[in-house]
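Residue-level structural notes
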Amino acid sequence: MVDDRGLKRKLRAVPDVVLKAVRAQMEDGASLIVREMKALAPYETGALRDSIGWTWGNAPKGSLSIASVKGRVAGLFITIYVGTRDKSLGDQDAYYARWQEFGTKNMPANPFFFVVWRANRRSFRSGINRAVRNAVKTI
């Protein structure tokens, strides 16, 4: 006969264990993608490269963001972004990120942002699924 108390205890632990594992995996995946984007970003002053980052929730105002990834577990929501419209940053305001990524009529595109996301999207999402499976197995 199965111990009901032990099973209930394990089932209650699932959300916390899974949430912690998914959160860590999303942070690791976002950090990896940000590092790769920074490595490909055009460099003149460093403002563009330094403006690339990730955050939980919405991106900073005026930034360009990739499609945000929402975890299926507890609605986790992470956004990778580049550029800002923060006037307090002065010369570090990388509002021109869109122009570099997509080009203009006078300048060819110099993609560094979406190409990295597209190259890593599948492994990012499969990493989250793997984290869920592994977390459940540890219970």
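For the structure itself, consult the block above.
None of these values were measured; they are calculated from a predicted model.

**Remarks on the overall build of the protein chain**
Regarding its fold elements, the protein chain presents 4 helices and 4 strands. Element order for the protein chain, N to C, with α for helix and β for strand: α-α-β-β-β-β-α-α. A total of 139 residues make up the protein chain; the buried ones form 35% of that total. Within the protein chain, counting contacts between residues at least 6 apart in sequence, those at least 24 apart form 59% of the total.

**A few points about the pairing of strand β4 (residues 77-82)**
Taking burial as the measure, the 6 residues of β4 include 5 buried ones, the bulk of the element. Here strand β1 (residues 53-56) runs beside β4; their pairing, made up of 4 bridges, is antiparallel. Bridged to Trp56 within β4 is Ile78. Where strand β2 (residues 64-65) meets β4, 2 bridges bridge the pair, whose relative direction is antiparallel. Within the sheet, the bridge partner assigned to Leu64 lies in β4 and is Val82.

**Some words on helix α4 (residues 114-137)**
The end-to-end C-alpha separation of α4 is 34 Å, in line with the 34 Å expected for 24 residues at 1.5 Å each. Bending of α4 peaks at approximately 50 degrees at the position of Asn120.

**Looking at the nonpolar core**
Of all hydrophobic cores here, the largest spans 25 residues; its most connected members are Met37, Val82 and Phe113. For this core, the secondary structure elements donating two or more residues are α1 (4-40), β4 and α4. With 7 residues, α1 is the single largest residue contributor to this core.

**Focus: the pattern of salt bridges**
Following the criterion strictly, the structure yields 1 salt bridge and no others. Here Arg49 ties to Asp50 by a salt bridge, and the two come within 3.2 Å at their closest N and O atoms.

**Structural notes on the environment of Asn110**
Positionally, Asn110 belongs in the loop between α3 (97-102) and α4. Accessibility expressed as a relative area gives 32% for Asn110, which makes it partly exposed. Other than its neighbours up to four places away in sequence, Asn110 contacts Pro42, Gln100 and Glu101.

**Notes on the side chain of Glu101**
Mapped onto the secondary structure, Glu101 falls in helix α3. A distance of 2.9 Å separates a polar side-chain atom of Glu101 from the backbone nitrogen of Phe112.

**Remarks on the environment of Gly29**
Along the chain, Gly29 turns up in helix α1. When the C-alpha positions of Gly29 and Arg121 are compared, they lie 9.4 Å apart, and in sequence the two are 92 residues distant.

Cut-off values and rules
- Residues numbered from 1 in each chain as written.
- Predicted model: local features only at pLDDT ≥ 70, side-chain atom pairs only at ≥ 80, totals over all residues.
- Heavy atoms only, no water.
- Helix = DSSP H or I, 4+ residues; strand = E, 2+ residues; numbered from the N terminus.
- Buried < 20%, exposed > 50% of the residue type's maximum accessible area, 1.4 Å probe, protein only.
- Contact = heavy atoms within 4.5 Å.
- Pairing = 2+ DSSP bridges.
- Expected span 1.5 Å × (residues − 1).
- Bend = angle between axes of the 7 residues up to and from the residue.
- Core = buried A, V, L, I, M, F, W, Y, C linked by side-chain atoms within 4.5 Å.
- Salt bridge = Lys/Arg side-chain N within 4 Å of Asp/Glu carboxyl O.
- Polar contact = N/O pair within 3.5 Å; in protein donor to acceptor, adjacent residues only side chain to side chain.

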